Every structure is written in structure tokens, then in C-alpha cells.
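Residues per chain, in single letters:
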Amino acid sequence: MSPVAPPPPSRIGEARVVAGRPRLLAERPTHYCPGCGHGVVHRLLAEVLDELGLGPRTIGVAPVGCAVFIYDYLLVDFVEAPHGRAPAVATGIRRVRPEAFVLVYQGDGDLAAIGTAEIVHAAARGERLTVVFVNNGVYGMTGGQMAPTTLLGQRTTSTPTGRDPKAAGYPLPITEMLALLPGVAYAARGSLAGPAAIGKLKALLRRACEVQIEGLGLGIVEVLSTCPVGWGLTPVEAVERLAEVERTYPVGVFADRARGIAPVVAPAGGKGR
Amino acid sequence: MTTARSSAAASPPHAAGAARPERILMKGNEAIAEAAIAAGVDAYFGYPITPQAELLERMARRMPELGRVFVQAESELAAISMALGAAATGARVLVSSSSPGISLMAEAMSYLAGSELPVVLVNVMRGGPGLGSIGPSQSDYLQAVKGHGHGDYRVPVLAPASIGEAMDLVADAFEIAERYRTPVIVLADGILGQAMEPVDLRFRTPERRPTDWALSGAADRPPRVIRSLHLRPEDLEAHNRHLREKEAAMAAAEVRWAGHRLADAELAVVAYGTAARVARTAVDRARAAGIAVGLFRPISLWPFPSEPLAGLADRLRAILVVELSAGQLVEDVRLAVAGRVPVLFHGRTGGMVPSPGEVEQILQTLAGMGAGQGVRPHHLPADAAPEPDPVSLVEEGAWARWAGAPRERGVGRGRGGGA
């Protein structure tokens, strides 16, 4: 099945459409800043949901942050969550709507700071949810303050001399932490650092959706994304900087329990497969 | 203990000729749980806290038995957010907690109101502020009636005074929540939650309304969005205007109160919930001593029964507000009567509950002070301003003003009888 709208009838013999607007992506001007990664992630999701035929039964949960407006772009049902509570809101949907495909979209301030309890416990319960966790290392919407994911030394509007671990602690590798939990069927990290990385990321997103469909548990994909405005860089510089971000947050698959991938160290009481 | 297993009998509970419903002894928290189950609640989300834990425990056992949803959340923040998600799909949802947990729930309460989602929240109030105590209290009154969370909105607040009434009001709360698409608070307290009373096993299941606004997946219709965010000021103002219109409709249709011996009363006690139970006994005892006193009991705390109370004000000589708080309901009573009658206050806090005797003594003092008759507490000289009750929070200033007040409004003076 093609993720794009059927092309207009072509009169050119061998021509075929290789790119187009996914059917689940609204045709409207973006509000995201130039070089922001959210638009790319939205598009990938629109493609994956359509390829898997999930659009008509998807209920999405929008976060607080720049991406709250995902409901303006992705043409599926959406509810807005209080800041950080998206996994709890999604749990409520999940439990009363077993047939729904539940999509959770969160930024790093939302998921890894104010919503730490909610994502950890949704994961501990093994809720059948697909969580897309967009990590750009700052609070974008409020003006580029430090997030729990901000790199050491990184300057933000609330770490004006750079993040100093003595005062502001260390970056939080929350996806690796979640991968430890038996309820997490799938945990992976991808990146927007170029077309090849984006192609790989799409496969990760697809797998995170599949584990929900298969009833295996929670699937989470962290996306290393850009915030040129929050970083004080041009869009091109911001993409280049993702190589540095990947040194703190390596890309890869940390858990895919149905396929025998799981962290070596299981938590006490856990039953890692 | 025998428990209800089935939902409501089809016939109205007290219809003529109807068999009397079974009557059993039940604990408040468990009775509330059973009432919600009979009302058709689809999902319950909670977090343990005293004195409402039995409600959660009963749901933990009963909801899975019935194939319905129970989740013990990681916090009250999460519990009510789960409720928000479930309600967004059109499910009938209950959450419960007690005061400190209710404060955490204020966050999503505001989102529920802004997003117009029906959820019923039960607060089994305990003493505060802070961790306070686990004893009964009514000190979350202002929090509840002023909307609970941030932003410009009110939600209906229903206050039962008995376990049986709590069961009825839980069903009513679902009905109101779904009719207006609003969260509704059932405001109980530690006594109502923990006490056991004989209750009639009469249950009600509100009819389901169409949920053509709810999320189910955009299969054969355009996508739906449920949100509280309206970034354009014009849009948010229009949304707030819409919420205000809805509140006006609720204020017009959902006012509830009960009166007891008010017909010829010169004094009235205003109290709700457990305090009203105490006050009712005090009123009956004072009546037996010849004092013309009645009880006005608000049941809907928002919308507040201001008009019925104001209607009484001109034929009353004084109002005594009795609360398990340092004085919260009294503010709405004073607003309602707008200075037309003196409003005195007696409250206990921290889990302390006024005794009927304590309230009766104040009534006798009030009656005696004005009328020059009736029983006066022995420690009050006949011609002196009364001392503040040493264990009550009756405001000293109020007593002093009362004692020295111009007599045209005083108890015992003929109405309009100027000096």
C-alpha cells in the first residue's frame, strides 16, 4: 500500500510518483520553525500509520510543548494531555478502548522531566502504547531552557554558561532506562541527522507500532531532533550538530524482546526475556 | 457484609406499591463504590489515601469481576489524567481521593473543565493544610466550589449528608457530568467515608447520552480533537464565554438544598454534609427547649442555593454557620444574605467534630441574648457580652459585634422594632 495520495493520471510513459504528501498529513502551512525536526517526524508517522492501515483506529495523545499542535497536522483523533501526563492519558484510552491504536507523542521536557513518573509507570505496566519521544535537548516552546536531556556544557537560556553537572546534573538517558523494564517490548533511538538516518528512523517507528498491534507491550522510539532557534544555530548547523548529540545518546535498538534483544542487566524482580 | 451485586431495580425506589428495597449496613466508601458501579461506571482510576482507601479497594475487586476497568495509578496526577483519557473516548469514569490527593488532581480538573469532559470525582475530605490529619474535615470547600484548578471555570459540587444520600448523589453526579459535559465533584468527608449506616439498596443508572464528540478513531468521519488550548485570545475568550453560559445553565437548573423546621424559624443553622447531621440534632434539641430554629442544608455547594437562602433571610434574626473548617461555607452564606441578617460562625478543624451539645449551647445563647429568655449557658453573665467558646473558632469579633449590635436586627427584638 502506498503511503501517498494516488498520483494524478500521468501521461508520461514510465514516470512514477516517488514522493508526495502522505494521506494522513494535513495540507497546511507549518507553524514549526525553520529546521525544526517535528515536521519530519510527523511525516514519518503519517506514512507509517497509513502503511499499517492504522489511521482509522488511531487515537493520539498530544503533549504540552511545541508539538501540542501535532493535532493540526496528523489527520487522526487527538486528545491533549496535561504537561507530562500523556502516558497516563493514553493508559485511560488504552484500557477502555482495547481496539484502538494509541499513539503518544512527547518532547523531552514533557517526557523526561515533568512526566518521568507517567512514562516509567506506563512502561512498568507494559501498557500497549506507541510512544514517540522527540529529544531536542531544550524546552523549545518556552524559549530554549535546559531540559533533562541537555548535553553537558550546552548553553541554554537557563544554563547561560553551559550545563555544569555540579549545579544542573547529568543528561538523562531515559530510553536506555526504560529498556530495562520487562513491560517495554521495544525501545530504540534514532536520529534526524540526514536522509539515511531518517530512513532508519522510519523503520524504528514502524516496529514501535507493530509491538502495540501484536500486543507485546510498550514501544518507544526516541528521536534525536533539532531546535535551531533554541540552539542558536542555522538549520544546516543544527543537523550537523546531531553528530555530537549522538555521542551522548547513541542510536540503536535497546530492547526488542520478541526478537531476543534486551539489556543484559534486568532489574530485580524483572523477567527479561 | 452483604453487598449489592446488581444494578438498579427498574422501578423507582419509592414508587407506590414498590417493594421496599433491601436495607443493609454499609461503609460509606464502599457504598459510594457500589453506587458508582450500579450507575454504570466503565472505569475507575485511583491512588491509595486515607480516609478513602476502601473505595479504591472495593473497585479493585469489583470492577474486574464485572469486566470493567480498574487501574491503581502511580499518583493522583496520573489517576485523573487516565480519567481524562478514558472520558475522551466517551466512557463513564470515576476517580476518588482525599484532600492532599485532590490538590494534585486540580491540574487535570482544569483540563477536564477546559476540554469539557465528564468525570465524577469523589473527595473524602480530611484535615489540612498540608498532610494535616486523617480525621474528617470540610476544609476543601473553597477549593471545590471555586473551580478547584487554575483558570476561569466552576464545576458542580454535590455534598451528601448521609451514606444513602451519597449513593444517590453519585448517580446524579454522572447524570449532571454527562448532560453538561463537565467534571463534577462529590464532596464527602472522613466520617461519611468511614462510618457505617443502614442504607437502602436502591440504585440508579443514568441513561447514556450520545457521545458524538468522543474519540473513537476517525474511521468514517473527519478527525476529532479534544483540547483546552486556544492560543488566539479571541478563541479563548469565546471558549470562556461558552463555559460561562454552561455554568449559567447549571446555576439555573442544578441548585439543591434541604430545609428542616424552617417554616417558623427565627434562627437558622446553615451546614452541609457531616456538619449538617450534627446541626440537625442540635436544632431538634433546641426546638425541644422552645427555640424557633431550623436547618438550611445546601446540597449543591456549587451552584450555591443563594436565592432560597436569601429568601429566608428577611424572616430570620440570625444565621449560625457550622462547619468542619475554620470558616469557608460561611463566605458564601454571607454573600447570599448580603448583610440582611447577622451571620455567625462555629467551626472545628483538624479532624475535630462539633458535638450537637456544643451547637445547641450556641443556639441557646443566641436565643437567650436576644429574647431575654431561653436557657443561657451558666458561664455567661446575664448582662455581659458572651465569651468566645474556648474550644471553638467562633470569631471574637463576631461575638462582640453581635453582643453590641444595634437591636433592630437582634434576636428577640420584634422585626422592625427600632429603639
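Since the model is a prediction, treat every value here as computed from it, not as a measurement. (Residues numbered from 1 in each chain as written. Chains lettered and ligands numbered in written order. Predicted model: local features only at pLDDT ≥ 70, side-chain atom pairs only at ≥ 80, totals over all residues.)

Q: How should the overall build of chain B be read in this particular structure?
A: When helices and strands are counted, chain B shows 13 helices and 15 strands. Looking at chain B as a whole, 53% of its 419 residues qualify as buried. (Helix = DSSP H or I, 4+ residues; strand = E, 2+ residues; numbered from the N terminus. Buried ≥ 20, exposed ≤ 12 C-beta atoms within 10 Å, placed from the backbone.)

Q: Just checking my understanding: could you explain helix 4 (residues 116-124) of chain A for this structure?
A: A turn of α-helix holds 3.6 residues, and therefore any two residues three or four places apart point the same way. Among the residues of helix 4 of chain A, those classed as buried are A:Glu118, A:Ile119, A:Ala122 and A:Ala123. Along helix 4 of chain A, the residues classed as buried sweep out an arc of 125 degrees about the axis, all on the same side. (Arc of directions from axis to C-beta.)

Q: Explanation requested: the sheet that holds strand 2 (residues 43-46) of chain B in the structure shown.
A: Strand pairing in a sheet relies on backbone hydrogen bonds. The paired strands run either parallel or antiparallel. Spatially, 3-2-4-5-7-6-13 (chain B) is the arrangement adopted by the seven strands of the open sheet, whose pairing is mixed. Two strands in the sheet have a free side with no partner beyond their single neighbour: strand 3 (69-72) and strand 13 (300-302) of chain B. (Pairing = 2+ DSSP bridges.)

Q: Can you help me understand helix 1 (residues 38-51) of chain A in this one?
A: All names here are of chain A. In a regular helix each residue adds 1.5 Å, so 14 residues correspond to 20 Å; helix 1 covers 20 Å between its end C-alpha atoms and thus fits that length. Counting buried positions along helix 1 gives 10 out of 14 residues, so the element sits mostly inside the fold. Turning to helix 1, its buried residues are His38, Val41, His42, Leu44, Leu45, Ala46, Glu47, Val48, Leu49 and Asp50. Trailing helix 1 by a residue or two, Gly53 shows a phi angle of about 70 degrees, which is positive. (Expected span 1.5 Å × (residues − 1).)

Q: Can you help me understand the domain arrangement of chain B in this one?
A: Note on interface size: it is often stated as the accessible area lost on association of the parts. Residues and elements named next belong to chain B. Taken domain by domain, chain B comprises domain 1 (23-206 + 227-253) and domain 2 (259-409). Contact with domain 1, which involves 26 residues of that partner, is made by 24 residues of domain 2. Among the elements of the structure, helix 5 (141-145), strand 6 (157-158), strand 7 (184-189), helix 7 (190-194) and helix 8 (233-253) are those that each provide at least two residues to the side of domain 1 that touches domain 2. Along the lines of polarity and charge, the residues of the side of domain 1 that touches domain 2 split into 18 nonpolar, six polar and two charged. (Domains from an automatic or database assignment. Contact = placed C-beta atoms within 7 Å. Nonpolar A, V, L, I, M, F, W, Y, C, P; charged D, E, K, R; others polar.)

Q: What's the story with the interface of chain A and chain B in this structure? I'm lost.
A: With 28 residues of chain A at the contact, the number on the chain B side is 33 residues. It is helix 2 (residues 86-96) of chain A that provides the largest number of residues to the side of chain A that touches chain B, a total of eight residues. Classifying every residue of the side of chain A that touches chain B gives 17 nonpolar, four polar and seven charged. Relative to strand 9 (residues 225-226) of chain B, strand 2 (residues 77-80) of chain A runs parallel, the two being bridged by two bridges. When the bridges of strand 9 of chain B are listed, A:Phe78 appears paired with B:Val225.

Q: Would you mind showing me how to read the pairing of strand 3 of chain B here?
A: Taken residue by residue, a regular strand's side chains alternate between the two faces of the sheet. Residue and element names in this part refer to chain B. Residues Val69 and Val71 point to one face of strand 3 and are all buried, whereas Phe70 and Gln72, pointing to the other face, are not buried. Bridging between strand 2 and strand 3 involves four bridges; their strand directions are parallel. Counterpart to Tyr44 in the pairing with strand 3 is Phe70. A crossover connection joins strand 2 to the parallel strand 3 through helix 2 (residues 53-65); in handedness this β-α-β unit is right-handed. (Right-handed = clockwise from strand over helix to strand, strands pointing away.)

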